[in-house]
Structure formats: structure tokens, C-alpha cells
Amino acid sequence: MPPVIETDDHKALRAAVGALGRRYGREYFTRTVAEGAHPTALWKEAAGLGYLGVNLPEAYGGGGAGITELSLVLEELGTAGCPLLMLIVSPAICGTVIARFGTEEQKRDWLPGLADGSRVMAFGITEPDAGSNSHRLTTTARREGTDWILTGRKVFVSGVDLADATLIVGRTADARTGRLKPCLFLVPREAEGFTRRRIDMELSAPEKQFELTLDEVRLPADALVGDEDAGLLQLFAGLNPERIMTAAFAIGMGRYALDRAVAYARERSVWQQPIGAHQAIAHPLAVAHIELELAGLMTRKAAHLYDAGDDAGAGEAANMAKYAAAEACVKAVDQAVHTLGGNGLTSEFGLASLVNAARVARIAPVSREMILNYVSHRTLGLPKSY
Ligand SMILES: Cc1cc2nc3c(=O)[nH]c(=O)nc-3n(C[C@H](O)[C@H](O)[C@H](O)COP(=O)(O)OP(=O)(O)OC[C@H]3O[C@@H](n4cnc5c(N)ncnc54)[C@H](O)[C@@H]3O)c2cc1C
């Protein structure tokens, strides 16, 4: 009988990635953040083992598997306390978009580097005046001869400092007032007119967020990825993996926090029994575990649909998975901090900083409310209020 959820290969991948993650562990990650550095050693080792490019086509140096496998990698690294956020952006969004819609030259130029981790890409869609409403994107591309001239602003874009290029979502000038017709452009880090300002975030993570200004950035014709008129199809080829990967990120973080809390609740005794014997402590941890498992199941479904080529089905499932995973993560982290009492707030135990980090998955890449809007309108057929 075929396995219902995960194959033996998936279990083996989980075990191998988990072992790598535990070898680095939370201490490595905390130290990296404190030093203002990047988790380069882990990134390189994971790349060398083929984990970073597991979803990319074999013909371009990848592992030939899918978002299912890449999301397992991220979940297991997160469970070990050292999630690599750029996995969401570089191989999952940008790698997928280039693999599906790039020219042969773009594939040959970018995919081997994204797969072996030697090159990194960021992804910029959010704008200061558009936010959740991507129909209001105003970053505009106009043609000048065969070149493109790109002008606009982006905000909260992760990892631009370490990315060789950022995949920027713009729109063509004549589409400015019409329906959203997004176009994707590869903008090299050092392109003239492309500047970044780091945003101070109350987050303890090695990846930083940036506000970007594109001031008449001149790009060659081949900076455009995919068809100028393909619009949303291309964009969602990248956004669905992003949601699935964010779900995996949240589940990993939730599992990490829950594991810490369970270990603590087994040991810590202030009456006759360890505190884990009190149902007021045990039951919320059990609930957190159940909710993470359920979110994991939905994430597997979304990844499976995506890898099977069902973009529409994957879109709905990916939204639900991201929602469920973010909620499960926020609750698991909150309960973990509470389980440790005062130690939940100490630097030594390092859980309190996850309270902020957990909330990222509720806000990004699409907020909880926008997912509820999507499910209300698309799935349930309810009328729209905005
Ligand atoms: C750590 C971090 C990393 C990020 N990385 C990236 C990145 O790499 N690239 C990138 O492009 N972006 C990135 N983002 C941006 C992220 O995707 C946005 O923050 C997110 O899409 C929400 O947009 P906003 O912040 O403008 O919120 P807003 O759109 O201003 O929304 C504010 C609040 O209003 C609610 N709201 C808005 N509209 C509605 C409505 N119609 N109905 C009900 N509620 C509504 C929202 O749910 C939210 O709670 C990142 C953000 C964070 C925090």
C-alpha cells in the first residue's frame, strides 16, 4: 500500500535534515544573530548536501523534487532552532518562477547557483502604499528601446543585502490604472538607482528587512522573467510556494518551542510532581501539538497539489495551510513561554524572542485577514466588503 502522507524518502530526508539542524542548533543561530552575521556555514553545508535546491530541476543542478521536499527541509531546520528564511525566497519563490517561466538563458544563468546556494535571490512585492492590496502596486516598468526602466518603492523586503539580485514585481506603464498585470524583473544588487535602507525590526533573526528605492533603474530586455502579459499566473507560481514554505517555517518554529516546553515541564518540579503533571500545563501543550500536526497535514496537502501541477487547488490549500500554521505557531510559542514561568522570559532559555518572530507568519507574506477574506469570498462565496 502506498504511504498515506509521507514516503520513506520523505522520512529519511526529515531525519537527515533534522540531524544537520541539531548539529548547528539554536545556540549557533543565537550567536549568529548576536554577531550580526548570516548563518553562512549552515547555508553552505545544507547546500552541499543538496537540500537548498531539492525542488529545482535536475537539469540545472537541482534535486528534481518539489516544494514538498523543500518545505520538509525548512520545517526540520526550524524544529532544530535554525530556520533559513531565505529558503522561502531564493529557491522556493525565485527558483520556481525562473524554472517555470524563465528563458533558457535565465535558467542556465541562475538555477545552478540558487541550487548550490552560491547565489541568493530576494523577492520584492510589498509597497508602502499598497500593502495587502497588490492591485495598488505602482512600481512601474517602461520600455526605452529594448531596455526596461523601473521606478518605484518596496518595503519589508528580506535579505536584499545578501541577495545577488532581487526579483521585483512591477507593472507595465500602460497597465497602471487597469487590472493588475504584474511583471517580474531581475534587479542586480548593484544596479544603478537601486538603493536600500535597512528597517529596524524588533525581531531577532539573521535576515534583515529593507526599504527599496528604484529610481529609473535601467535593465536590459532579458531582466524580464516570463511573459509581459502572463500576469497573475506567473506571480502565483511563486506566491503559492511562498505560502507553503511560510507554513513550514511556522510549524518548525512551533515545534521547536513546544519541544523546549515539554522538556522543561518534564523536569521542573515545584510541588511533588513535575509541572507537566498539572493538566493546566499539559493540556495546552497537547493542544499545541495537535494544532501543529493539523497544520502540517494541510501544508502537505498544499505542497502535494502544487507539485502535482494543480495551481488553483494549491492556491486555496496554501492559504489555509499558512493560516493554520501561523495560528498554531503563535499559540505554541505563547504556551511554551508560559510553561517556563520566569525562565520563559530569560535570554538563557531564549523563547521570549520567538513571541515576535512567531507573529511574522501571521502578517507575511499575506496577512491572516486577507486569507480569511480569500476563504470567505472564493471558497464560501460570500460577498466582498472592500
Ligand atoms: C519579517 C517580515 C519579512 C517580510 N519579507 C518580505 C519580503 O521578503 N518581500 C516582500 O515583498 N514583503 C515582505 N514582507 C511584507 C509582508 O508581506 C507585508 O507586511 C504583508 O503583506 C502585509 O502588508 P502591510 O504590512 O502593508 O500591512 P497592511 O496591508 O497595511 O495591513 C495592516 C493590517 O490591516 C489588515 N487589513 C488590510 N486590508 C484588509 C482587508 N481588506 N480586510 C481585513 N483586514 C485588512 C491586515 O490584515 C493587517 O492586519 C515582510 C514582512 C515582515 C514582517
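As the structure is a prediction and not an experimental result, all values here were calculated from the model.

A.B. asks: Before we go on, may I ask you to explain the overall build of the chain in this structure?
C.D. replies: Helix and strand content of the chain: 10 helices and eight strands. Against the 2.2 N^0.38 benchmark of 21 Å for 386 residues, the chain shows a C-alpha radius of gyration of 21 Å, consistent with a compact globule. Across its three principal axes, the chain shows a C-alpha extent of roughly 80 × 50 × 50 Å. Within the chain, the proportion of its 386 residues that are buried is 45%. Within the chain, counting contacts between residues at least 6 apart in sequence, those at least 24 apart form 72% of the total.

A.B. asks: Looking at this structure, how should I read the site of the ligand?
C.D. replies: Looking at the ligand, there are 21 residues lining it, with Gly131, Ser132, Ser158, Ser367 and Glu369 nearest. Elements represented by at least two residues in the shell around the ligand include exactly β1 (121–124), β3 (147–158), α9 (353–363) and α10 (368–379). Of the residues contributing to the shell around the ligand, the split by class is 12 nonpolar, eight polar and one charged.

A.B. asks: Which parts of the structure should I look at to understand the pairing of β3?
C.D. replies: Residues in a regular strand point their side chains to alternate faces of the sheet. Pairing of strand β2 (residues 140–144) with β3 involves five bridges; the strand directions are antiparallel. In the strand pairing of β3, Arg142 is matched with Ile149. In sequence, β2 turns back onto β3 through a hairpin of two residues, with Gly145 there showing a positive phi of about 65 degrees. Two elements, β3 and strand β7 (residues 209–219), share eight bridges in a ladder whose sense is antiparallel. Of the residues in β7, the one forming a bridge with Lys154 is Leu212.

A.B. asks: So what exactly am I meant to see when it comes to the nonpolar core here?
C.D. replies: A general tendency of soluble globular proteins is for nonpolar side chains to be buried together. Of all hydrophobic cores here, the largest spans 115 residues; its most connected members are Leu87, Phe185, Ala321, Ala325 and Cys329. Other than its neighbours up to four places away in sequence, Leu87 contacts Leu52, Leu70, Val73, Leu74, Ala92 and Met245.

A.B. asks: In this structure, what is going on with the domain arrangement of the chain? I would like to understand it.
C.D. replies: When the parts of a complex come together, some accessible area is lost, and that lost area is often taken as the interface size. Domain parsing of the chain yields domain 1 (8–119), domain 2 (122–225) and domain 3 (232–379). For domain 2 versus domain 3, the separation of C-alpha centres amounts to 29 Å. On the domain 3 side, the residues contacting the nine residues of domain 2 number eight residues.

A.B. asks: I keep staring at helix α3 (residues 67–79) and nothing clicks. Help me out?
C.D. replies: For α3, which comprises 13 residues, the first-to-last C-alpha distance of 18 Å matches the rise-based estimate of 18 Å (1.5 Å per residue) to within 8%. Burial analysis of α3 places 13 of its 13 residues in the buried class, the great majority of the element. Phi for Gly81, located one or two positions after α3, is positive at around 95 degrees.

A.B. asks: Please clarify how the environment of Leu167 should be interpreted in this entry.
C.D. replies: Within the fold, Leu167 resides in strand β4 (residues 165–172). The exposure class assigned to Leu167 is buried, which follows from the 26 C-beta atoms found within 10 Å. In the structure, Leu167 is positioned 43 residues away from Phe210 in sequence and 14 Å away in space, judged by C-alpha atoms. Ignoring any residue separated from it by four or fewer positions in sequence, one finds Leu167 in contact with Cys94, Val97, Met121, Phe123, Leu184, Leu186 and Val225.

A.B. asks: Looking at this structure, I do not really get the environment of Ile290. What am I missing?
C.D. replies: Residue position: Ile290 is located in helix α7 (residues 279–307). A sequence separation of 166 residues divides Ile290 from Gly124, and the C-alpha atoms of the two residues are 34 Å apart.

A.B. asks: Any chance you could explain the packing of α3 against helix α6 (residues 232–267) here in plain terms?
C.D. replies: If you want to describe how two helices pack, look at the angle between their axes and the distance between the axes. The contact between α3 and α6 brings their axes to 7 Å, and the two run at 25 degrees. Between α3 and α6, the interaxial angle falls into the category roughly parallel. Regarding α3 and α6, the two cross each other, and that crossing is right-handed. Seen from α3, the contacting residues are Ile67, Leu70, Ser71, Leu74, Glu75, Glu76, Leu77, Gly78 and Thr79; seen from α6, they are Pro241, Ile244, Met245, Ala248, Phe249, Ile251, Gly252, Met253, Arg255 and Tyr256. Class assignment for the residues of the contact of α3 with α6 results in 12 nonpolar, four polar and three charged.

A.B. asks: So what exactly am I meant to see when it comes to the packing of α6 against helix α8 (residues 311–339) here?
C.D. replies: Interhelical geometry of α6 versus α8 gives an angle of 25 degrees and a closest axis separation of 7 Å. The angle between α6 and α8 falls in the class roughly parallel. Relative to α8, α6 is oriented so that their crossing is left-handed. In terms of residue class, the contact of α6 with α8 is made up of 21 nonpolar, seven polar and four charged.

A.B. asks: I keep staring at the environment of Asn319 and nothing clicks. Help me out?
C.D. replies: Following the sequence through the fold, Asn319 ends up in helix α8. C-beta crowding within 10 Å serves as the criterion here: with 26 such atoms nearby, Asn319 is assigned to the buried category. Each C-alpha atom, one on Asn319 and one on Arg171, is 24 Å from the other, the two residues being 148 residues apart in sequence.

Rules and cut-offs
- Residues numbered from 1 in each chain as written.
- Predicted model: local features only at pLDDT ≥ 70, side-chain atom pairs only at ≥ 80, totals over all residues.
- Helix = DSSP H or I, 4+ residues; strand = E, 2+ residues; numbered from the N terminus.
- Rg over C-alpha atoms; globule rule 2.2 N^0.38 Å.
- Buried ≥ 20, exposed ≤ 12 C-beta atoms within 10 Å, placed from the backbone.
- Contact = placed C-beta atoms within 7 Å.
- Near = placed C-beta within 6 Å.
- Nonpolar A, V, L, I, M, F, W, Y, C, P; charged D, E, K, R; others polar.
- Pairing = 2+ DSSP bridges.
- Core = buried A, V, L, I, M, F, W, Y, C linked by C-beta atoms within 7 Å.
- Domains from an automatic or database assignment.
- Expected span 1.5 Å × (residues − 1).
- Axes fitted to C-alpha atoms, helices over the stretch in contact; angles between N-to-C directions.
- Parallel < 35°, antiparallel > 145°, perpendicular 65-115°, else oblique.
- Left-handed = near helix turned anticlockwise from the far one by under 90°.

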